[in-house]
There are 2 protein chains.
Amino acid sequence: MPETISDVGEHPMIQRLTAGLAAHPQVLLGPGDDAAVLRIAGDVVVSTDTMVENVHFKRAWSAAEDVGRKAVASAVADLEAMGAHPVGIVIALSVPASETTGWIDGFRQGVASECERAGCALVGGDLARSSEVVITCTVLGELEGRAPVGRAGALPGQVIACCGNLGMAEAGLAVLRRGFSSPAAVVRAHRFPDPPYRQGAVAAAAGATAMIDISDGLVADLGHIAQASAVQLELDSARLRANADQQRVAAALGGIDPAQFILAGGDDHALVATIAADRVPQGWFAIGKVSEGEPRVLVDGREPTPLGGWDHFK
Amino acid sequence: MPETISDVGEHPMIQRLTAGLAAHPQVLLGPGDDAAVLRIAGDVVVSTDTMVENVHFKRAWSAAEDVGRKAVASAVADLEAMGAHPVGIVIALSVPASETTGWIDGFRQGVASECERAGCALVGGDLARSSEVVITCTVLGELEGRAPVGRAGALPGQVIACCGNLGMAEAGLAVLRRGFSSPAAVVRAHRFPDPPYRQGAVAAAAGATAMIDISDGLVADLGHIAQASAVQLELDSARLRANADQQRVAAALGGIDPAQFILAGGDDHALVATIAADRVPQGWFAIGKVSEGEPRVLVDGREPTPLGGWDHFK
């Protein structure tokens, strides 16, 4: 029988989860006390993000390490979307008492490697018993003197610029649902996102006035900017072409339109910002423009077929 | 049929949860964007705390408002135990799709009233679907220039001082388990704690060198200070007398020793600190002393019968 968390007990498991954490110059006090202490320059940016087993991931499709990476990456992406840089993260993990310590060790490895990629430190957490795995990551970060980039600042005349993947995780989910496990790139994208770390700050410094990360779908999330900024956002489908993998998946699924992955797919955590056309940073690409008009998102001048976007309760 | 969260949908429910939040001078950006922005003076103290249905509370015993109050209070207590003052809180709430909006509205009311008592603001959150209610509160606070008070600073010669209730929630749990609902004070203490807000900072300013909040049990939590500080902690049972309600409960339960509630009961989130005898603040009372010796907790000079303390996985 594999070792379970109830063989080990709560406090020894917490020690195992927090042993050997890398030092970080801004972490004055890490895990092991009632709270952690961070040194953050200027205003503090904070976001919290939950993942639930069988809602945000399935064990059959994602290894424990993938789940750890996804939890950190999707939480950090919210800070990137404010133009902030992540400093510290706290993770609350609820698991069944029958959970294997192997799964938890794998989760921890995923967390550690993604924190390293994102440039932040794990500084604390909580461990509780539940009937399914629930993970809540809360990330704290700093703006390094910049103003936060919210959703309400889009201005007519700007372009909509994007950095990162669109519709890859959705294509991966589509193939996993059919029982396939390739193309590898899309399946991997479902397992954990590859947010464009440090690009939120780059866009903010370049003059982006509104920004969001794509977690629910490109059209759905741009809808939040359109509403908050009271502008019309016009996407140009010629700049949103599906790649070869996405085309392959769409063909294998009976010839569906691969543009659906890109317009409706979430979970890749690309960053999308509005910015002056001549200030789009390197590594970003324009996918449309901001105009005056009814707050809505158009694709090639037309309202897209209702795509829904992700709603946890519908 | 009562209205459920799936009748309403995720985004409208979030708007309902965050509508009409009180302004707070340190909240530069509240809920509604990818992240919130707080102005925190000096170093940032952060702690995260999870509550799971049927582990930390039962719907049969606690109203939604009680659950909201308990979630905030138990999370803030960790910051108090560092000598910090809470500023902002983010709450991740996972609920079944069949959850009534009435329950969620009640939870929100409990959160709002306890945030007001604690002196902090709700600044963000997440809402997801799960098969049971899971709540994770993450609190950010400030030290106002003081050093954080950890667990490792207890010094031989100091007294152990306490502020707040001990063993009340445990007595309440004991009566609820037997199907009773009185005495009212202990049942109420189980439903939500009454942490001594602002007293953590008072103790820190008075010179406390180690502090913890009692969440797992007095002996168990003092054990953490004994270990971290490498000192012996000697409790004086004459200073830990059960009150009339606790005595009544113990008698009703067949004559058990009411001291067990006080020594082993968690969830009241009293603050316990080590401090010089002549600097114990008003409202605090000495319950023992710090001495050199093997890191352990003694009661009247003897090791208490193993009390366990709460372990989620045992």
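Residues numbered from 1 in each chain as written. Chains lettered and ligands numbered in written order. Predicted model: local features only at pLDDT ≥ 70, side-chain atom pairs only at ≥ 80, totals over all residues.

**Here's the deal with the interface of chain A and chain B**
Listed per partner, the contact involves 57 residues of chain A and 57 residues of chain B. A total of 8 residues in the side of chain A that touches chain B trace back to one element, the largest contributor, which is strand 3 (residues 44-52) of chain A. Here the residues of the side of chain A that touches chain B are counted per class, giving 28 nonpolar, 15 polar and 14 charged. With 3 bridges joining them, strand 3 of chain A and strand 2 (residues 36-38) of chain B adopt antiparallel strand pairing. Of the residues in strand 2 of chain B, the one forming a bridge with V46(A) is A36(B). (Contact = placed C-beta atoms within 7 Å. Helix = DSSP H or I, 4+ residues; strand = E, 2+ residues; numbered from the N terminus. Nonpolar A, V, L, I, M, F, W, Y, C, P; charged D, E, K, R; others polar. Pairing = 2+ DSSP bridges.)

**What to know about the confidence of the model for chain A**
Mean pLDDT over chain A: 94, with 97% of residues reaching 70 or higher. For this predicted complex, the interface confidence comes out at an ipTM of 0.94, alongside a pTM of 0.95. (pLDDT = per-residue confidence, 0-100.)

**Considering the relation of the copies chain A and chain B**
Mapping chain A onto chain B leaves a residual RMSD of 0.0 Å; the transformation is a rotation of 180° accompanied by 0.0 Å of translation along its axis. What the rotation and shift describe, once combined, is the action of a two-fold rotation axis. The residues that chain A uses at the interface reappear at the interface of chain B in 100% of cases, marking a shared surface. (Least-squares fit on C-alpha atoms with pLDDT ≥ 70 in both.)

**Section: the environment of W284(A)**
All names here are of chain A. Along the chain, W284 turns up in the loop between strand 10 (271-275) and strand 11 (285-291). Residues W284 and C162, spaced 122 residues apart in sequence, show a C-alpha to C-alpha distance of 5.3 Å. When residues no more than four places from it in sequence are discounted, the contact partners of W284 are A161, C162, C163 and A203.

**Notes on the sheet that holds strand 5 (residues 121-129) of chain A**
Read from one edge of the open sheet, 6 strands run 5(A)-4(A)-6(A)-3(A)-2(B)-1(B), paired in mixed fashion. Strand pairing shows two members of the sheet lacking a second neighbour, strand 5 of chain A together with strand 1 (27-29) of chain B, which therefore form its edges. Put simply, the sheet's adjacent strands are angled 25° from each other on average, direction ignored. Each of strand 4 (85-95) and strand 5 of chain A touches helix 4 (residues 101-118) of chain A; the most contacted strand, strand 4 of chain A, lies at about 170° to it. (Axes fitted to C-alpha atoms, helices over the stretch in contact; angles between N-to-C directions.)

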